[in-house]
Amino acid sequence: MSDDLHLPTVLGDLRGGIDQAAACLDTVASGVDAVLAGLPGTAPAATRVLRRRFDAGVGWVQRATATGGDPGVLRAAGSVWAVDIGNREVADVLTALADAITTFWVDVSVACATLAAALFAAAVAAAGPLGAADALGSALAAVATFGAVAGSARVALGAAAREAAARLGAVGLPRV
Amino acid sequence: VDGTADDGTDNVRYLYGPEPSTGRHQGSDPSGTVRVEIDDDARHARVSFAAGWRDGVGVPGLGPAVEQAVGAAAAARLRARAAAPSASPPDPQLDRPSRSPAEVVDDAWRDLREFQVRLAQLNDLVITVSGPDDRVRVTIRGGRLVAVDPDLRWASTASDAELTDHLQKALRAALATVAALPERALDGCPGLRARLVGPP
């Protein structure tokens, strides 16, 4: 996989996207709660569910952006193993893991940009009672989609990391 | 064809399916004599009058009464939506384009920025939607119906059936206009459109 990501930019954009999504979520929740507040006997349980699902889906991504995981560093290390040490097997393992990390950040970034767009549209719609119902529904759907996509990316990366560890163990190196 | 919309840049005509979606959400003005019902999808509207509306609300107050009834019906729709269970998460559909990772990520954030700018611009527009023969005009701004204006001279002589027919058609055109704003903002953002709306 060529044309690697510039990780500081990727992580910065991702943090910004999460912040935007969170701000839009607040707007959606406020708009929905404002309409529901005018209806007797209606508790804002729906927006509590929305916030809880958002926090669950986005929280671990937010934490992951703090530590990163730079595919470029792994590729550089792989190059050293291939050229300077002459161990192609280790280089291949590190390159495969770098590809998996790149794929993870691409999937999570695209999912986050999509989430931020959907929540922005929901926030705009939630400004009035006419759009508030659709805003709530589309926000819930967007959060669910993000959680599914990011969760799938996380599972794939975990599998790649386990495979890399096993392959490195097989050639007698300590597990990464 | 139920109506036309003119936002200053183009003319849009809206076609409607014959049937509204199943749920019904009702609202009325404070007098209770002007009533509006919208369907689950907020695409169809039905207007009705209770006896005595002409003596209370009257033709001059008809537009504001319809606005209030639409707001109440929309709030009822939200209450029903908030109480309904949400859909289960979809299967992840991961994009695997042939471009480089950096290009894919850059495109995603650029699409987001473009979409936000376009939607904000569309949302700021004041759009006036007309029913047949321009008898009823509905003004939209920021996704809200901000005015319902029947032609008062015509309305003062029109029957209740004529009034409800023209109000309904103008409201349907307005609902379609509001619903279409996010999708119109996706023009020029093909990647984001594919992820949010699905393939063309």
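Our subject in this report is the structure included herewith. (Residues numbered from 1 in each chain as written. Chains lettered and ligands numbered in written order. Predicted model: local features only at pLDDT ≥ 70, side-chain atom pairs only at ≥ 80, totals over all residues. Heavy atoms only, no water.)

This part covers the interface of chain A and chain B. If you look at the interface, chain A gives 46 residues, while chain B gives 40 residues. Here chain A and chain B share an interface that buries about 3600 Å² over both sides, 73% of which is from carbon and sulfur atoms. At the surface where chain A touches chain B, the tally comes to two salt bridges. A salt bridge links B:Arg77 to A:Asp134; its shortest N-O distance comes to 2.5 Å. Where chain A touches chain B, the interface holds five residue pairs in polar contact (both at pLDDT 80 or more). Listed by contribution, the elements that provide at least two residues to the side of chain A that touches chain B are helix H1 (7-37), helix H2 (45-67), helix H4 (88-125) and helix H5 (129-170) of chain A. Per-element tally for the side of chain A that touches chain B: the top contributor is H4(A), with 15 residues. Across the side of chain A that touches chain B, the residue classes break down as 29 nonpolar, 11 polar and six charged. (Contact = heavy atoms within 4.5 Å. Buried area = accessible area lost by both parts, 1.4 Å probe. Salt bridge = Lys/Arg side-chain N within 4 Å of Asp/Glu carboxyl O. Polar contact = N/O pair within 3.5 Å; in protein donor to acceptor, adjacent residues only side chain to side chain. Helix = DSSP H or I, 4+ residues; strand = E, 2+ residues; numbered from the N terminus. Nonpolar A, V, L, I, M, F, W, Y, C, P; charged D, E, K, R; others polar.)

Another aspect to go through is the nonpolar core. In terms of nonpolar packing, the biggest core is built from 112 residues, with A:Trp105, A:Leu115, B:Val66 and B:Phe115 touching the most fellow members. When residues in this core are grouped by element, the largest group, 24 residues, is from H4(A). (Core = buried A, V, L, I, M, F, W, Y, C linked by side-chain atoms within 4.5 Å. Buried < 20%, exposed > 50% of the residue type's maximum accessible area, 1.4 Å probe, protein only.)

Here we take up the pairing of strand S6 (residues 127-130) of chain B. Residues and elements named next belong to chain B. Pairing analysis gives four bridges linking S6 to strand S7 (residues 136-141), with the strands arranged antiparallel. Along S7, the bridge assignment pairs Ser-130 with Arg-137. Between the antiparallel neighbours S6 and S7 lie five residues, among them Asp-133 with a positive phi of about 60°. (Pairing = 2+ DSSP bridges.)

In this section: the sheet that holds strand S4 (residues 34-39) of chain B. Residue and element names in this part refer to chain B. Sheet architecture is open: three strands sit in the order S3-S4-S5, paired in antiparallel fashion. Each of the sheet's edge strands pairs with one partner strand only, and the pair in question is strand S3 (24-28) and strand S5 (45-49). Across the sheet, the axes of successive neighbouring strands diverge by a mean angle of 20°, strand direction being ignored. Taken strand by strand, helix H5 (residues 160-185) contacts S4 and S5, and its axis lies near 150° from that of S5. (Axes fitted to C-alpha atoms, helices over the stretch in contact; angles between N-to-C directions.)

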